[in-house]
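# Notes for the structure review
In case you want the letters, here they are:
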Amino acid sequence: MAHLPTGLPVTVGIGLAAHRPGESAQDTLRRADAALYQAKAQGRDRVVLAG
C-alpha cells in the first residue's frame with residue numbers, strides 16, 4: 001500500500017447512486033458519474049447523491 005507524504009492535504013469528491021429496480025447497470029453508473037461531476041463543480045470535500 002502506498003503512503004501519502006505527511007502534511008499533504010487530500011480532498012475528495014464523491015458521486016453516489018443507488019441502483020433502482022429495473023434500471024440497467026450502465027444507467028446507474030451514468031447517474032453516479034453525473035453526481036461525481038456535480039460534486040467536483042461544488043468544490044472540495046463534497047458528496048452528491050444522484051436523484
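Provided above is the structure to which this section pertains.
Below: a short report on this structure. For every chain, the first residue of the written sequence is number 1, and numbering continues from 1 along that sequence. A pLDDT threshold of at least 70 governs which residues receive local features in this predicted model, and a stricter bar of 80 or more applies before side-chain atom pairs are shown or counted, although totals over entire chains, interfaces and linings include all residues. Computation of side-chain values: all heavy atoms of the structure, hydrogens and water removed.

## Topic: the overall build of the chain
Note the following rule: Helix numbers and strand numbers start at the N terminus; a helix is a DSSP run of H or I with at least 4 residues, a strand a run of E with at least 2. The reference for a compact globule is 2.2 Å times residues^0.38; the radius of gyration itself is calculated from the C-alpha atoms. Relative accessibility thresholds used throughout: buried, under 20% of the residue-type maximum; exposed, over 50%; partly exposed, between the two (1.4 Å probe, protein chains only). A contact between two residues is defined here by any heavy atoms of the two lying within 4.5 Å. Per-residue and other accessible areas follow the Shrake-Rupley method at a 1.4 Å probe size, with only the shown protein chains counted as cover for residues.
In terms of regular secondary structure, the chain is built from one helix and two strands. Helices and strands appear in the chain in the N-to-C order β-α-β. Against the globule reference of 10 Å for 51 residues, the chain gives a C-alpha radius of gyration of 14 Å, more extended than a compact globule. The principal-axis extent of the C-alpha atoms belonging to the chain is close to 45 × 30 × 10 Å. Here the chain holds 51 residues, and 16% of them are scored as buried. Considering only contacts within the chain whose residues lie at least 6 apart along the sequence, 43% involve residues at least 24 apart. In the structure as shown, the chain presents an accessible area of about 4,200 Å², 59% of it carried by carbon and sulfur atoms.

## Let's talk about unusual backbone geometry
Negative phi characterises most residues that are not glycine, and trans characterises most peptide bonds. Non-glycine residue Asp45 carries a positive phi angle of around 55°. Following the sequence through the fold, Asp45 ends up in the loop between α1 (25-42) and β2 (46-49).

## Here's the deal with the pattern of salt bridges
Selection rule: Should a side-chain nitrogen of Lys or Arg be within 4 Å of a carboxyl oxygen of Asp or Glu, the pair is scored as a salt bridge.
Per the counting criterion, the structure on display carries two salt bridges. A salt bridge links Arg31 to Glu23; the shortest N-O distance between them is 2.8 Å. A relative accessible area of 15% means that Arg31 is categorised as buried. As a salt-bridge pair, Asp27 and Arg30 come within 3.0 Å of each other at their nearest N and O atoms. In this pair, Asp27 and Arg30 both sit in helix α1, three residues apart, roughly one turn of the helix.

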